[in-house]
Number of protein chains: 2
Amino acid sequence: VRVGRVTLVGAGPGDPGLLTVRGCRRLRRADVVVYDRLVDPRLLDEGPPHALRIFTGKMRGVHTLPQGDINALLVAHAHRGKRVVRLKGGDPFVFGRGGEEAEALAAAGVLCEVIPGVSSAIAVPASAGIPVTHRGVASSFAVVTGARKPRKRSWARSPTSPRRPRGRDSRPGRRRDRRGRPPARSARPSASPRRRGAWSLDTPGGSPLDNQSERIRPGAPGMKFETV
Amino acid sequence: VRVGRVTLVGAGPGDPGLLTVRGCRRLRRADVVVYDRLVDPRLLDEGPPHALRIFTGKMRGVHTLPQGDINALLVAHAHRGKRVVRLKGGDPFVFGRGGEEAEALAAAGVLCEVIPGVSSAIAVPASAGIPVTHRGVASSFAVVTGARKPRKRSWARSPTSPRRPRGRDSRPGRRRDRRGRPPARSARPSASPRRRGAWSLDTPGGSPLDNQSERIRPGAPGMKFETV
């Protein structure tokens, strides 16, 4: 009996050329490909013709398949001896719930391999010409989710006097470079009051609206950000 | 006359399989490959045999070739009509000074393309089994350089009462997951007083000591961190 396994593959920010060489290799030898909304359809063509392709969905806010069912699906196919490739947009461990899948696989005794990917958090600003770090401008960056539990209040709708953090330069990347461009941030600090305390409203940031098409909306004070 | 160009390619965290498909394609058609210390030698074998290979160095703290000279080198070869691939460890825009090279190329009128790479900041923790985000544990992460200008004081040598930031959960990833593992941080918040104000000493973190071999030293209060 052949032993199955699951490979969590970071598909990158959308462009098929940004898949890793190893990720591509695994994909080409897959029996089963489980993919979500953020994965470019052209990537699926890399899989062998006979491979079973399973779409797990995840539209904005709507999970076509609950996470528990996805985990069970991966386990079931691996137990049948299949080489399963779980294609995830960006990197599997950056807002991809890859950690949960890895835990579920480990708990079920399934061999699991993780192949990191190019994170949209870095590549999307790059595609807009914005380096997330730049000597003398930004020596750190933060990646923060814009999606929160429903009860949150919108950052943009209640711009009440934000508290400044202690220390003049304690917020990464507050300054601007010589061309006046703000250093990039992958997502606007989210809406919850605790975030409002951590970042001032004039912190430069950007929000990748749709990582499949690699657009970015740069941040400016008072500008409304869509959650991603 | 053929028009030269420079492609800044993120070589990923060391493992040649983690180069992107497009990065690999550019490398295979390069006339000149300019690479630094963090690039795995096996990657260089992907280039065509006739390609000129130029090592720019950058040992710990010692720059074999000053950044200005590297910029001039890229410009010179591009002006001679060469397809230049500038291979940089990790992602070109994460502590890679890729932004400076892109600026220099733009100023010299050289066509410049950027191909993002798998960042060690995410892949190195992943290789140690640590997802940088995990549902219910860490919904954000920060990437901070451990290298600072010489005048800095070491974080570990002066652990004087750190001030806590406002708001109980304003620091990303302070909690631990069910297995007691801390969420990952790519580098320990650095030594400067302003950093000490921003992070408490018990903030979980990790420091990738050598991104070529993909080792990680997890953070714990009182543990000394090497700068990277």
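This is a predicted model, so every value here is computed, not measured. (Residues numbered from 1 in each chain as written. Chains lettered and ligands numbered in written order. Predicted model: local features only at pLDDT ≥ 70, side-chain atom pairs only at ≥ 80, totals over all residues. Heavy atoms only, no water.)

Engineer: How would you summarise the packing of helix α3 (residues 67-79) of chain A against helix α4 (residues 98-107) of chain A if you had to cite specific residues and measurements?
Structural biologist: Residues and elements named next belong to chain A. One can describe the packing of α3 onto α4 by two numbers: an axis separation of 10 Å at closest approach and a directional angle of 50°. Comparing their axes, α4 and α3 come out oblique. Crossing geometry of α3 relative to α4 is assigned as right-handed. Here Q67, I70, N71, L74 and V75 of α3 come into contact with α4, specifically with E100, E101, A104 and L105. (Axes fitted to C-alpha atoms, helices over the stretch in contact; angles between N-to-C directions. Helix = DSSP H or I, 4+ residues; strand = E, 2+ residues; numbered from the N terminus. Parallel < 35°, antiparallel > 145°, perpendicular 65-115°, else oblique. Left-handed = near helix turned anticlockwise from the far one by under 90°. Contact = heavy atoms within 4.5 Å.)

Engineer: Before we move on, could you go through the sheet that holds strand β2 (residues 32-35) of chain A and cite the residues and values that matter?
Structural biologist: Residues and elements named next belong to chain A. Strand order in the open sheet formed by five strands is β3-β2-β4-β1-β5, with parallel pairing between adjacent strands. At either end of the open sheet lies a strand with only one pairing partner, and these are β3 (52-55) and β5 (111-115). Along the sheet, successive strands turn relative to each other by an average axial angle of 20°, direction set aside. Pairing between strand β1 (residues 5-10) and β5: five bridges, direction parallel. Its bridge partner being in β5, V9 is matched across the sheet by I115. Its contacts with the sheet place helix α1 (residues 21-28) against β1, β2, β4 (83-88) and β5, and it is angled at close to 140° to β5. Relative to β1, α4 is tilted by about 170°, and along the sheet it contacts β1, β4 and β5. (Pairing = 2+ DSSP bridges.)

Engineer: Tell me about the environment of I115 of chain B, and name the residues and values.
Structural biologist: By the secondary structure assignment, I115 of chain B is in strand β5 (residues 111-115). Leave out the neighbours within four places in its chain, and I115 of chain B touches L18 of chain A together with T7, L8, V9, G10, T20, R22, G23, R26 and P92 of chain B.

Engineer: Talk me through the state of the cysteines; I want residue IDs and the actual numbers.
Structural biologist: Counted under the stated rule, the structure contains zero disulfides over all chains. For the unlinked cysteine C112 of chain A, the closest cysteine sulfur is that of C24 of chain A, found at 19 Å. Counting only cysteine sulfurs, C24 of chain A is the nearest neighbor of C24 of chain B, a cysteine outside any disulfide, at a range of 10 Å. (Disulfide = S-S within 2.5 Å.)

Engineer: Account for the packing of aromatic side chains, with residues named and values stated.
Structural biologist: All names here are of chain A. All chains considered together, the criterion is met by two aromatic pairs over all chains. Where Y35 meets F55, the ring centres are 5.4 Å apart and the plane angle is 45°; that geometry is what we call tilted. Placement of the pair is Y35 in strand β2 and F55 in strand β3, with a sequence separation of 20 residues. For Y35, a relative accessible area of 16% corresponds to the buried category. (Phe/Tyr/Trp six-rings, centres within 6.5 Å; stacked < 30°, edge-to-face > 60°. Buried < 20%, exposed > 50% of the residue type's maximum accessible area, 1.4 Å probe, protein only.)

Engineer: If you had to explain the sheet that holds strand β3 (residues 52-55) of chain B to someone new, which residues and values would you point to?
Structural biologist: Sheet strands line up and pair through hydrogen bonds in the backbone, either parallel or antiparallel. Residue and element names in this part refer to chain B. One open sheet accounts for five strands, arranged β3-β2-β4-β1-β5; its pairing is parallel. Unpaired on one side and paired on the other, β3 and β5 mark the two borders of the sheet. Each strand of the sheet is rotated relative to its neighbour by a mean of 20°, with strand direction disregarded. Its contacts with the sheet put helix α1 (residues 21-28) on β1 (5-10), β2 (32-35), β4 (83-88) and β5, and the angle it makes with β5 is roughly 140°. The strands touched by helix α3 (residues 67-79) are β1, β2, β3 and β4; relative to β4, the strand with the most contacts, the crossing angle is about 155°.

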